[in-house]
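A structural walkthrough
Spelled out from the first residue to the last, the chains are:
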Amino acid sequence: MLRSTPGVAKRSWRQLQTYPLSAMGRGLTLRRHTSKHTSASTAVFFPGQREAERENAAAEEKTCVICPATHVTSVISKLRARIQEVVWDTSEQNQKRISDLTLQAQNLDKTDPNVTDRNSLAWTATQDTMEMLDPIEIDSFGAVTIGILVYFLGARLTRRYAVLSKYSIPEPVSGGLLAAILALLVVLGTGRAISYELSARDFLLVYFFTTVGLNARFADLLKGGPLLVFMLGLTIAFMLVQNVVGMIGALLFGMPSQAGVLLGTASLIGGHGTAIAWGPTIESNYQVTGASELGIATATVGLILASVLGGPIARFLTQKNDLKSVENSEEEVATVAEPITDQPSTVTHVDLMNCVLWIHIAIAIGYSVFETLEAAGIKLPLFVPCLLSGILLSNLLPPLFSKLKWPAGTPAMNVISEFSLSVFLAMSLMSMELWTLASSAGVLITTMLLQSIAAVLFIIFIVFRMMGKNYFAAVISAGFAGFSLGATPTAIANMTAVTQRYGPSPVAFIVLPLVSAFFVDLANAFIIQWFLGFG
């Protein structure tokens, strides 16, 4: 709990940034107090000795406590200064950690004048102290509510600024990025991180992929079969490229080559979940300090890039090659973005309840399969068995029960799909912890720039041409940018924004989710293991 303590002098940003390590180590003071919340909590603060501060700042300005990442961005210096200014309660365990770090700082100050080590130690202390600040916690209900507001914010931005519509930037993306920036400003202003309860977001992801499965038909899958094989081959080829680029980025910054998978497919195509899963293994086996944090930061930056690159790529390809959607050239297919047009345009509560019922039945079956596979040691994301159970239900039950009112391809199913996807993506982007990126700013900026260039070149010169150099290929290209750097929902959102502007491409919404949501996860596990064997 944050407290204001009388007698603690306030410092300016500049004063705090130039506060010498030696003075900070010698001046740390402990004071016990009681409150109605705790009987014996401990407050840690920096005493307000202005005279000593001025003298030390002038004499030892070169030994200031600045994270190395401030050479790239000034965000962390401001954040750290704000954290140092705040007085907070700590547990006995956290208090011991601060005391140990202070002792180390004093020893370094006396025995080793190396500035880099002192800066590194100071940044470690800053990270630890920030973790001890009570975060601003937002529960699941509040997170969903904010996610809906963020979507409407993005829709308003798209209407107001034509450039967003021009380059097919999805509404949840523009709103979510703005919300993440506002959250960063809150952290800089208060020194407290913002923590969202995202269990509802994860359930929306399962909901969305279940609707993808319920809308899929075997005939459509067979129709897209050759394209599915081409897409899978191209994806595996790019995964190899992506890990090579990641290894180059890791080696440029003196990291083990195995860290490259965290700057490659483990975090980008794999996403946050895969990065978190592989982080501890890479850290312990290959001595990559902070591997999980590096993977999460890479996945965060990748999600941003995936959200903003897909639309411009599709626009470039469409205009350069004068491509148009030809609806009559393809049999009409129901997808999450494009329901069958001969369905009634109105949506009733009965339609919605019928869709929700079958979605829940598919999820129940998928969850049972998920638990069975998990017990057998096979790990897959929950949405994968739910997607497959939706496909099976949608293709087995209607032929057996001809009078059954099946919800696939209906406007009601489309409403649920769009809602799940939009709110999921808005929540994913608004919950990005941008304040965690600066500790790896150098390697992130360099590597992600290389990854972006590699992705754009691969999509324009290989994916687009191999998939037919037509409008379908342009839409797939937008989706490829979405999931190769971010996640499948980002890819679907990119393709939806493109088709809303340039016209439908139904088969794209069948091919891409099956590749990106199912086959890629299986292939990624083997590719990561293979790359970890190098070096």
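Everything numeric in this text was worked out from a predicted model, so none of it was measured.

Cut-offs and rules
Residues numbered from 1 in each chain as written. Predicted model: local features only at pLDDT ≥ 70, side-chain atom pairs only at ≥ 80, totals over all residues. Heavy atoms only, no water. Helix = DSSP H or I, 4+ residues; strand = E, 2+ residues; numbered from the N terminus. Buried < 20%, exposed > 50% of the residue type's maximum accessible area, 1.4 Å probe, protein only. Areas by Shrake-Rupley, 256 points an atom, 1.4 Å probe, with all protein chains shown as cover. Phe/Tyr/Trp six-rings, centres within 6.5 Å; stacked < 30°, edge-to-face > 60°. Lys NZ or Arg CZ within 6 Å of the ring centre and 35° of its normal. Expected span 1.5 Å × (residues − 1). Bend = angle between axes of the 7 residues up to and from the residue. Contact = heavy atoms within 4.5 Å. pLDDT = per-residue confidence, 0-100. Salt bridge = Lys/Arg side-chain N within 4 Å of Asp/Glu carboxyl O. Polar contact = N/O pair within 3.5 Å; in protein donor to acceptor, adjacent residues only side chain to side chain. Core = buried A, V, L, I, M, F, W, Y, C linked by side-chain atoms within 4.5 Å. Patch = residues over 30% accessible without salt bridge, like charges linked within 9 Å, V, L, I, M, F, W, Y side chains within 5 Å.

1. Digging into the overall build of the protein chain
From N to C terminus, the protein chain includes 21 helices and six strands. Counting all 535 residues of the protein chain, 54% fall into the buried class. Looking at the protein chain as shown, the accessible area adds up to about 24,300 Å², and 62% of this sits on carbon and sulfur atoms.

2. Quick notes on the packing of aromatic side chains
Per the counting criterion, the structure on display carries eleven aromatic pairs. Measuring from centroid to centroid gives 5.9 Å for Tyr151 and Phe152, while their planes differ by 70°, and the two rings are edge-to-face. A relative accessible area of 53% means that Phe152 is categorised as exposed. Taking 5.2 Å as the distance between ring centres and 50° as the angle between the ring planes, the aromatic pair formed by Phe203 and Tyr207 counts as tilted. Remark: Tyr207 and Phe203 occur in helix α10 (residues 199-215); sequence separation between them is four residues, near one turn of the helix. The positively charged end of Arg315 is found above the aromatic ring belonging to Tyr167, 5.1 Å away from the centroid. Note that Arg501 overlies the ring of Tyr502, its terminal NZ or CZ placed 5.7 Å from the centroid.

3. Re helix α13 (residues 271-286)
Taking 1.5 Å of rise per residue, 16 residues should cover 22 Å, and α13 covers 21 Å from first to last C-alpha, within 8% of that figure. Where α13 bends most, at Trp278, the angle is about 35°, and the proline Pro280 comes one to four residues later. The set of residues buried in α13 consists of Gly271, Thr274, Ala275, Trp278, Gly279 and Ile282. Positive backbone phi, approximately 55°, marks Gln287, located one or two places after α13.

4. A look at the environment of Phe472
Take Phe472: it is sitting in helix α19 (residues 471-485). Since its relative accessible area comes to 8%, Phe472 is described here as buried. Along the primary structure Phe472 and Phe509 are separated by 37 residues, whereas in three dimensions their C-alpha atoms are 10.0 Å apart. When residues no more than four places from it in sequence are discounted, the contact partners of Phe472 are Leu227, Met467, Ser505, Val507 and Ala508.

5. Examining the confidence of the model for the protein chain
Scored by pLDDT, the protein chain has a mean of 77; 71% of the residues are at 70 or more. Below a pLDDT of 50 lies the segment residues 82-91, which in the model reaches 48 contacts outside its immediate sequence neighbourhood of four places, other chains included.

6. Some details on the pattern of salt bridges
Counted according to the given criterion, the structure contains three salt bridges. Here Asp322 ties to Lys324 by a salt bridge, and the two come within 3.2 Å at their closest N and O atoms. No difference in accessibility class separates Asp322 from Lys324, as the two residues are exposed. A salt bridge links Lys405 to Asp351, with the shortest nitrogen-to-oxygen separation between them at 3.2 Å. Of this pair, Lys405 sits in the loop between α16 (383-400) and α17 (411-430) while Asp351 sits in helix α15 (residues 349-375), and the two are 54 residues apart along the sequence.

7. What about the side chain of Arg201?
Mapped onto the elements, Arg201 comes out in helix α10. Reaching out from Arg201, the side chain makes a polar contact with the side chain of Asp202 at a distance of 3.0 Å. Beyond its immediate chain neighbours, meaning those up to four positions away, Arg201 contacts Phe424, Met427, Ser428 and Ser431.

8. Notes on the nonpolar core
Core analysis: the biggest nonpolar cluster contains 125 residues, and Met231, Ile282, Met467, Ile476, Phe480 and Leu512 have the highest contact counts within it. Of all the elements, helix α21 (residues 508-532) adds the most residues to this core, at twelve residues.

9. Some points on a nonpolar patch on the surface
Side chains of Phe230, Leu449, Ile453, Leu457, Phe461, Ile462 and Met466 sit close together on the surface and give an oily, nonpolar patch of about 660 Å² of accessible area. Per-element accounting of the nonpolar patch gives the leading share, six residues, to helix α18 (residues 441-466). Tracing the chain through its elements places Leu457 in helix α18. On the basis of relative accessibility, which here comes to 44%, the residue Leu457 falls in the partly exposed class.

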